Every structure is written in structure tokens, then in C-alpha cells.
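Notes for the structure review
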Amino acid sequence: MGAVVVEGLTKDFSGVTVLQHINLDIKEGEFFALLGPSGCGKTTTMRCIAGFEKPTSGRIKLGDQVVNDLAPNERNCGMVFQSYALFPHMNVFDNVAYSLNIKQLRKSNLFKKLGVYTRMFNSKLVKYPKEMKQKVMDVLAYVELTDHAHKLTSELSGGQQQRVALARALVMEPQVLLMDEPLSNLDQKLRHTMRNTIRKMQQDLKITTIFVTHDQEEAMSMADRVAVMKDGQILQIGTPTDLYSNPQSPFIADFVGTSNILPGTFLKHEAGITTVKIGNQEIKSVTKTDQQDVQVIIRPENIKVLEEASITDDNSFEGTIEVATYLGSTVRYEMKVGDYRLIADTIYESGHRILQEGYKVRLGVSPERVLLI
Amino acid sequence: MKRLKKHLTGIGIIKLLLYAFFILFLVIPLVAVFIVSFTNEPINFFGSFISMETMQTTIDQLKHATLDNFKSVFQNTRYLDALLNSLYLSFVVSIVVLLICVPIAYGIARTKLPFKKTISALCTIPLIVPTFISGYAFIIMFGRSGWVTYLYQALGGEGLFIDPYSLTGIAIVQIFFFFPYALWPMVAAFKVSDVSLEEASRNMGAKGWLTFCTVTFPLVIPGMLSTALVIFAVSFSDFGTPIVLAPTDLNLLVVQAYREIAGFYNWGGAAILTLIMIAVAGFVYWVQNFFFKGKNYDSVSGKPKQSKLNQNKLVTVPIAVFSGIVVLVPLLAMLTVFLQSIATTWGKDPLPKGYTLAHYKMIFTSSLGNIQNSIVLALGALVLSIIISVFVSYFVVRQQAVTLDFMTTVPLIVPGIAFGIALIQTFNVAPLQLTGTAAILIIAYSIRRLPYMVRSTVGTMKSIKADIEEAAISLGASTLTAAITIIGPLMIPGIAAGSLLVFITVIKETSISILMAPAEWAPMSLAIFQNILRAEYYSAAAMSIILVVLVLVLQAIANLFTRKQSD
Ligand SMILES: Nc1ncnc2c1ncn2[C@@H]1O[C@H](COP(=O)(O)OP(=O)(O)OP(=O)(O)O)[C@@H](O)[C@H]1O
Ligand SMILES: [Mg+2]
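A quick note: this is a predicted structure, and the numbers were derived from the prediction, not measured.

About the criteria used
- Residues numbered from 1 in each chain as written.
- Chains lettered and ligands numbered in written order.
- Predicted model: local features only at pLDDT ≥ 70, side-chain atom pairs only at ≥ 80, totals over all residues.
- Heavy atoms only, no water.
- Helix = DSSP H or I, 4+ residues; strand = E, 2+ residues; numbered from the N terminus.
- Buried < 20%, exposed > 50% of the residue type's maximum accessible area, 1.4 Å probe, protein only.
- Contact = heavy atoms within 4.5 Å.
- Areas by Shrake-Rupley, 256 points an atom, 1.4 Å probe, with all protein chains shown as cover.
- Lys, Arg positive; Asp, Glu negative; His and termini not counted.
- Charge placed at Lys NZ, Arg CZ, Asp CG, Glu CD.
- Near = heavy atom within 4 Å.
- Polar contact = N/O pair within 3.5 Å; in protein donor to acceptor, adjacent residues only side chain to side chain.
- Nonpolar A, V, L, I, M, F, W, Y, C, P; charged D, E, K, R; others polar.
- Pairing = 2+ DSSP bridges.
- Right-handed = clockwise from strand over helix to strand, strands pointing away.
- Axes fitted to C-alpha atoms, helices over the stretch in contact; angles between N-to-C directions.
- Parallel < 35°, antiparallel > 145°, perpendicular 65-115°, else oblique.
- Left-handed = near helix turned anticlockwise from the far one by under 90°.
- Buried area = accessible area lost by both parts, 1.4 Å probe.
- Salt bridge = Lys/Arg side-chain N within 4 Å of Asp/Glu carboxyl O.
- Domains from an automatic or database assignment.
- Phe/Tyr/Trp six-rings, centres within 6.5 Å; stacked < 30°, edge-to-face > 60°.
- Lys NZ or Arg CZ within 6 Å of the ring centre and 35° of its normal.

**Let's talk about the overall build of chain A**
Helices and strands together make up the secondary structure of chain A, namely 9 helices and 20 strands. For chain A, with 373 residues in total, the buried portion stands at 50%. For chain A, contacts bridging at least 24 residues in sequence account for 66% of all contacts bridging at least 6. Working note: accessible area of chain A is about 18000 Å², and carbon and sulfur atoms make up 49% of it. Here chain A holds 43 positive side-chain charges and 44 negative ones, and the gap between their average locations is 9 Å.

**Remarks on the site of ligand 1**
All names here are of chain A. Residues in close proximity to ligand 1 include Phe-13, Val-18, Ser-38, Gly-39, Cys-40, Gly-41, Lys-42, Thr-43, Thr-44 and Glu-181, which together make up its full environment. Between an oxygen atom of ligand 1 and a main-chain N or O atom of Cys-40, the distance comes to 3.2 Å. Between Thr-44 and ligand 1, the recorded distance is 2.4 Å, taken from a side-chain N or O atom to an oxygen atom. Relative to its unbound accessible surface of 630 Å², ligand 1 loses 56% to contact with the protein. In terms of residue count, helix 1 (residues 42-50) provides more of the shell around ligand 1 than any other element does, 3 residues in total. Residue composition of the shell around ligand 1, by class: 3 nonpolar, 5 polar and 2 charged.

**Quick word on the pairing of strand 8 (residues 209-213) of chain A**
Residues and elements named next belong to chain A. Where burial is concerned, most of strand 8 is hidden: 5 out of the 5 residues are buried. Burial of strand 8 is two-sided: the residues Thr-209, Phe-211 and Thr-213 facing one way and the residues Ile-210 and Val-212 facing the other way are all buried. Judged from the 5 bridges that link them, strand 3 (residues 31-35) and strand 8 form a sheet pairing that is parallel. In the strand pairing of strand 8, Leu-34 is matched with Val-212. Examined bridge by bridge, strand 7 (residues 176-180) and strand 8 share 4 bridges and lie parallel to one another. Looking across to strand 8, one finds that Met-179 is bridged to Phe-211. The parallel pair strand 7 and strand 8 is bridged by helix 6 (residues 188-205), and the resulting crossover is right-handed.

**With respect to the pairing of strand 2 (residues 16-26) of chain A**
All names here are of chain A. As judged from the 7 bridges shared by strand 1 (residues 4-13) and strand 2, these two strands associate in the antiparallel manner. Residue pairing in the sheet places Val-5 in a bridge with Asp-25 of strand 2. In this structure, the hairpin formed by strand 1 and strand 2 is closed by a connection of 2 residues, where Ser-14 is found at a positive phi of approximately 40°.

**Section: the packing of helix 22 (residues 416-426) of chain B against helix 23 (residues 438-463) of chain B**
Residues and elements named next belong to chain B. Axis separation between helix 22 and helix 23 bottoms out at 11 Å; the angle between their running directions is 140°. The pairing of helix 22 with helix 23 is recorded here as oblique in orientation. In this structure, helix 22 crosses over helix 23, and the sense of that crossing is right-handed. Contacts from Gly-416, Phe-419 and Leu-423 of helix 22 reach helix 23 at Ile-440, Ala-444, Ile-447 and Arg-448.

**Remarks on the interface of chain B and chain A**
If you look at the interface, chain B gives 19 residues, while chain A gives 25 residues. Roughly 1900 Å² of surface becomes buried between chain B and chain A when both sides are summed, with 69% attributable to carbon and sulfur atoms. Viewed at the interface, chain A and chain B are joined by 1 salt bridge. Glu-470 of chain B serves as the salt-bridge partner of Arg-47 of chain A, at 2.7 Å between the closest nitrogen and oxygen. Counting across the chain B and chain A interface gives 6 residue pairs in polar contact (both at pLDDT 80 or more). Looking at the side of chain B that touches chain A, the elements with two or more residues in it are helix 24 (466-474) and helix 25 (479-508) of chain B. The greatest single-element share of the side of chain B that touches chain A, amounting to 8 residues, is contributed by helix 25 of chain B. Here the residues of the side of chain B that touches chain A sort into 12 nonpolar, 5 polar and 2 charged.

**A closer look at helix 27 (residues 524-533) of chain B**
Residues and elements named next belong to chain B. With 8 of 10 residues buried, helix 27 lies mostly within the body of the structure. Among the residues of helix 27, Met-524, Ser-525, Leu-526, Ala-527, Ile-528, Phe-529, Asn-531 and Ile-532 are the ones counted as buried. Downstream of helix 27 by one or two residues, Ala-535 has phi in the positive range, about 60°.

**Notes on the domain arrangement of chain A**
How big an interface is tends to be stated in terms of the accessible area lost upon association of its parts. Each assigned domain of chain A is listed with its residue range as follows: domain 1 (4-245) and domain 2 (258-372). The C-alpha centroid of domain 2 of chain A is placed 43 Å from the C-alpha centroid of domain 1 of chain A.

**Quick notes on the pattern of salt bridges**
All names here are of chain B. With the rule as written, the count across this model stands at 18 salt bridges over all chains. Residue Arg-398 is joined to Glu-469 by a salt bridge in which the shortest nitrogen-to-oxygen separation is 2.8 Å. Of this pair, Arg-398 sits in helix 20 (residues 368-399) while Glu-469 is found in helix 24, placing the two residues 71 residues apart along the sequence. On the basis of relative accessible area, Arg-398 is assigned to the buried category, the value being 19%.

**Details of the environment of Met-46 of chain A**
Residues and elements named next belong to chain A. As for its position among the elements, Met-46 is in helix 1. Taking the C-alpha atoms as reference points, Met-46 and Arg-332, separated by 286 residues in sequence, lie 37 Å from one another. Apart from the residues lying within four places of it in its own chain, the contact partners of Met-46 are Met-79, Leu-178, Met-179, Asp-180 and Val-212.

**Thoughts on the packing of aromatic side chains**
For the coordinates displayed, the defined rule picks out 16 aromatic pairs over all chains. With a centroid separation of 5.3 Å and 80° between ring planes, the pair formed by Phe-34 of chain B and Phe-38 of chain B is classed as edge-to-face. With Phe-34 of chain B and Phe-38 of chain B both in helix 2 (residues 10-39) and 4 residues apart, this pair spans about one turn of that helix. Summarising the aromatic geometry, the rings of Phe-232 of chain B and Phe-236 of chain B are spaced 6.3 Å apart at their centres and angled 10° between planes, so their arrangement reads as stacked. Placement of the pair is Phe-232 of chain B and Phe-236 of chain B together in helix 14 (residues 221-237), with a separation of 4 residues, close to one helical turn. Classification of Phe-232 of chain B by relative accessible area gives buried; the value is 13%. Among the residues examined, Phe-236 of chain B registers a relative accessible area of 4% and is labelled buried. By the ring-pair criterion, three or more aromatic residues cluster together here, those being Phe-21, Phe-22, Phe-25 and Phe-427 of chain B. Over the face of the ring belonging to Tyr-244 of chain A we find Arg-299 of chain A, whose NZ or CZ atom lies 3.8 Å from the ring centre.

As C-alpha cells, this is what we get:
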């Protein structure tokens, strides 16, 4: 029984189908990423879960409750928006206390209600109850914003604003935390720090989290499981390593990490080894297939690049270096092999020289590392 | 039933209430006017729903509907004259205003005009003064015992220089007090019109004035026509000037409609005149939107290129003299009112005999109520229009409520006197007898000014991103709570700017006040009007000055606000 279950979710916008039969089963405490290119429907999926869009068909369950007919303010979904959507007329403290105020509003009689409204309008006029103040300060301490509690949100840096948005969603102890590209407005370095912050927080609090992103690195480094979407459909759901080593389509192979994808034709299958023809070369793989036309997928780091013909692998080809890029710990070679181009990443060891353009090399790939789709 | 329940959330109820408000106080009155133009007597619209008897009466009335009133437009010379005179007046006024404004606007926008700042500042005076006060000022200047008449006769003239109580008098007042409406848009047009084209023309050897006639001027013609239509509409629906100046034998639509209802209780006649007014104003509005949308001066965007200002004294000095004369007339008019307000007696002399503050003292002892009424009514209208416009702009921006959007533009084409007549006809009997109450007065004021307020709040609403509201909702707030706690506070600047404007215009409002205000709720404008009718010119003058000062002060505050906002 999952914490968030989506069954057959379909969404039309005035006749145009944007989501097609989406199925998700997200476990309690899981960090789940929705990954896909721009416009594939990630935000729409999330907005359906939050209740801001009404599904055309399909069911959405939070815990064991079907929430299709529940208003968004009754779903207890914490949301972190791409733009943060902080309330510009309130300071950090009041922003974070918002959901607590709302909760109190619901429980109060008319007279008390007026008090809460006044406080939300200007928190200097009506004081916060002690336990409420404590709770807000605890959350602020957690995101390391204690010193900024009484600043206006416009006086904060991007990263700090991000943390206010996070704190504001956390303080309501949501059943699910929904985050829509929360890091896309931050610069490169801050993005890395915030990745760790969010991941750590999620593990500390064990809060079920759905994280929307179009950055595969972000999804792969943070999430327990990733769902890859394209054109309103889910292509594959799996752990990051699963997606990486067993992509079920060339799209995923390409989208998740870098891949060499080559068209091949089936030749034969003998003793657990499939032989496929690419152009006029043959290549062996351990993958079984019953198709005539296959896509051959090789990850760049699985290609060995050697100067001499000392390859013992089953698969070995000749190639010519076209571009060499030094990336710090690795060197990326783009090479011409027959009619095709291949990319190979090799570990750079100090002292070794980088092979230059025009250099003839031998390449080797073990059949275990050749994937056929 | 379930669907109905779903829509009955807090915010849904408010939307329903808004629709109810507009239907009750805008749609039904306008429809009622239409019906009354056939039945010739007011029908009890609301009564028909609660009493069978009334319903029967209404049905009988409808059975006896005739086209007599429509025929009478073409047969009754009173009505036909009124229409023709009104059209003629507005036509002349808009043409003359255009002719006056072209040189002044060119002078301000494109030349090193001497005293440019002073002239510009004086151009705002006419906008502050309600037109019936301007009309009244002309009486005490050009009337039998006016100082202009004195000068004219001293110089050998006979009779009156200009008879203020005539179509000419009305036209002159409107020209001198409406020209700023056209001037500022035109200045903007001259500033942004393509300077490089002019330079090209000059390079090809064209002389300065030739460039003006062949390039500069033609470029601003579409905008000018559009402005002329605005002036036409303003003049056509102006009630203040004609009601003070029109002699009994001069028929104008606004005056005639007022006389039909206030003098003869001729419901059918008032209704048909109201329909004609709305039709003409609506037609002008439609033409303006249809042909000139996007061609208005203020919609010309882009940075004005810095053009060389014309320094030719042969051009600037005559323009300065001309502009000076134009702005001097309203200034002298107001000074005259001021002198009258502090005069002991002022007969047929260039200056009063002596000076006193007695008239002011009298106002502050006996007429304080009118000032209070004005302020209370304006405050009431202010609160009502804030509430309505905030929610309307919410629905218009967030839920694309096209109907509501349309409803708030309807008051733009209904002249004040027409709207007043419509309301009186609809609400003059039980069960909804509101005529003569402060409530209907406040409602009328707010609906009249709603288009301006809504324009201001819609702008602010658009600048509030939808995800801020969604954030509040995801944190547990209902749509209504989010509106109160988030949207409302964020809209305060937009509301503040719009509301001062509403307050000012309500204080200046003439037609609704004169037509609808009961004695115990008489605002300043009605008091002044009655003083003028009773020829109590001194207290009318003092009250006018107080009104103008009040408006000036508020206007200054409003300017302060808008400046802060644009910082
Ligand atoms: N309110 C709407 N009305 C009509 N079409 C919409 C609406 N909202 C989204 N769409 C369409 O649905 C598709 C998916 O949109 P969505 O915002 O879910 O994409 P996304 O995956 O979040 O993209 P991005 O990474 O750019 O944010 C898009 O083609 C978009 O144009
Ligand atoms: Mg998105």
C-alpha cells in the first residue's frame, strides 16, 4: 500500500491529451523523482496530485483515501514552487507560520478568527501563541534561517528564499511534499548544496517526496526511484542504477546519462551470445533478442581505448580520434569507427598523455556491456 | 444539487452576489428604461415577483405598450430639437477643442515655449472644477452684472459681450473646461510621432512649417480623431454646464430628460430620451473602439526619441500668447468665483465693493451638513467600489469572467443623467423602494466610477502571480481565505490609487446628485446648484471654493501616491 497512488491518470486540456494513463505507486517515505524533457507533463501530473488540476479520468490516492473530489486545501500536500511563491508582504516568520495560522483559523470561533486574521495582516498587532512560535522557530532552525526570521523575503538570497519555501511547506507536516523544479532558479554551485540539503532533510524526516525535474543528474543523484516521462506517458520507473544500466528504450538510454546508440541487424545467437551487425562490423552481446532490427547501446565509460592492438576482448574495432576533451578526472574521446561516431570516457591518470586528433586507436567492449533494445 | 453545492464555496457565493448586484442595479434598470419607453409608466418589476396583483398590473401595462414614444421622437419637436441641439453642441465643441489643442500641444511637445511649465500647470485647473461651477462662473463674469460685461460696455459695446445663457455660452464653457482632456494625449502624440521622418523631410529641403503640414501633422491625425470622439462623448453627457446655463427655450437632451422627470413626471418621455442618450454615447464609444483601438496616443509605446526643440521665436511667441489666453480663461473664472465668495456686494463693477469672510462663516455654521454628506457619500461609494472592484478583478484575471468584465465597462457609455433616470424608474415603489435613500445614491456613484476603479485593480491583480495564491491554498487556505489574507493585502497600492480617484469624482459628481439626492442627504454639489437656482450667488461661490479646495487637496494626495508607486 503506497503513500501516493496514481491509477490511470489521464488529463485533457480542451481536447489535447497532455497525460495518458499515468500509473505511479510511491511508497511511504520514498524520494521519488519525475524526470522528463520540457513539456512532457511533469508539472501537470504534480498539479493533479496537489488538486490544482482535475483529472479527466483516473484515480489519485493519498494514503488510503481517494482524493479526486478533495479540494487542494484539504489534501495536506506541501508544495515548493519553482518561483518559491513566497508571500512578498510578509516576513520570513509570517511566511512559515502561514499554515499554522490557517489551522488555527479553522478551529476558532468568530472572535478568535478576527484575531488570527489581524495577525496574518500584521503580526505586530496580535501575538503568536507560544507553542506556535516554537514550532516555527524549530523549522527555521532546521533550515538554518533563525537569524533571518524577521527579514522580508525580498531581502534574502535565492538559496535562502528556497529554504523559506521549504520551511513553509514542512511546518504543516504534509502527507506528501511536492517540489516542482525547486532548484532551477539557483546557480550551479548552490544547486549542488541544496541537493544535499533537500536529500538530507528528506531522509531525516522520512517524508514522502515527489520531486519534478528535467535535469537527469539531479534526479539520479537524489531520488530513491525515478519515473522517466515523455509526451505525457511514463516510459520507465526504476532506481537510478536500474535506469542507467537497464534502460528499456533508446530514449532513456540517451536521456539518462550519455549513450552510444547504433542501429544493428540480428545475425545469430549462439551459446548465450548474440551477434549483431552494425554496418560492416560485427558486435557481440549477452543480451537476448528476438528482433531483426535492434538498437545497440554502449555507455561511453564501457569502451576501452588503447594505442596498441593488444585487445583481448571479444569485441574490438579500429577507430580514429576526432576530438579529445579533458574533463579533469576523465578524458572524453569522440572517434570515428567505420561510418559511425562513438564516444568513450577514459579515466585520466596523471602522467598519461592525451591522444590527439587523427590518432589511430583500438577500441574494446566486453559483450556484458553491450545492450540490445 | 451536488454540483450546486460544489459551487457554493465562499468565493462562489461572492461571485453570485456580484452578478446579483450588477443585474439588480445595472441590467434591470437599463431594461426597465427600455420597457418604460413602451409602457409610458414605470412598471413594478420586483413587485411582480411577490404579488399576483402587481403581476397582473404589469401584464396589463405590457399589453398596452405602444410605439408612441418612438414616434414622438420624430414628431415631437421638443425631442427632435433636443437631439439635434445636443449633437450640434458636441460636434462644435469637439472641433473647436481640436483646433485649440493642436498649437498648444505642438508648443508643449516640440518647442522651447516660454513659460511652458506655468502653462502646463494651469492646464490642470479645468480638470479640477466641476462643470456646473464653471458654468456658474461664466454667469458671474458674462452675465448682466458681470465684470466682463462692464468692461465690454465701458469700451463702447452694447448689451452682453456673450450671453452665457445660450448655446454659445454652453459651448464656450465646455471648450475652455474640456480642452485638457484632449491636450495631454495630443502632447504625447507629438512627442512620440516619428521624428526621423521629419528629419528626412527637412533634409530634402522642406521648410519648417511645410514639414509640420506634410509630415508631423498627418502622423497624428488618427489619434486626433479618436480624441475628438472622446471630447464629443464628454460634452454629450455633460450635465453640469447645460443645467446651469440652458435657457428654458433651449432644448438639450440631458436637460430635457431632467425636465421630463423632475418637472412633468413624464416617465415615458424621460425613458425615450435616456435610450437616445445611451444609443448615441454607445455608438461613439463603439466607433472609438472599433476604428481607433491601438491608435490612441497613450498606447503609442517605445521611448520617445529626443527631438530638437523648435526655438524659432516667430513660432514660440505666438503659441505662448495663444496658450496663455486659453489657460487664462478658466483661471479668471475661478478667480471670479473666489472674489465673489469673499465679496460683501459685487454689482456691475470691475471689483467687489468690500471683502468679508461672512459667506464662509455661514457655510460652516449652516451648511456644514452638505460637506458632511458629500464626504459620507463619497466614503460609502469608495468602500463599495473597493469591495466590488477587488472581487471583480479577481474573477476577471483569475477566472476569465468575461461577463463581469463587460458589465464594468457598461457604465462608461451610460451618461450620468441617463443612469439616474433608469435607477429612479426601477426603484421608486415597494418592495424595493430605494429612491430617495442614501443607499441608492451610493450605489449609483460607485457603479458610475467602477470602470476606473476596476481598471486600476485589474492591473494590480495581473501583477500578482497565480502561484502565490496556489501556495496559500496548498498550505490549507480556502480560496476565500487566500483572497483575504494574501491577494487583498497585496492589492492595497492599486486600491489606494484608484480609490482617491473615486473619492474625488464622487465629490465632483453633478448629475446623479442633482437628480437623486434627497434633501436630508444633499451633498455639496446639490447645495451649490440650489443656491445658484435661488440666485444666492455668494454662498454658492464660497461652497464652490470649498469643494474645489477639497478636490485639490485630495488630488495632491493622489499624486503623491502614484508617484510613490512608480518609484
Ligand atoms: N492550463 C493548461 N491549458 C492547456 N494546456 C496546458 C495547460 N497546462 C499545461 N498545458 C500543456 O500541457 C503540456 C505539459 O505541460 P507541463 O507544464 O505539465 O510540462 P512540464 O513537463 O512541467 O514542462 P516544463 O519542464 O517545461 O515545466 C504542455 O504541452 C503544456 O502546453
Ligand atoms: Mg513544469
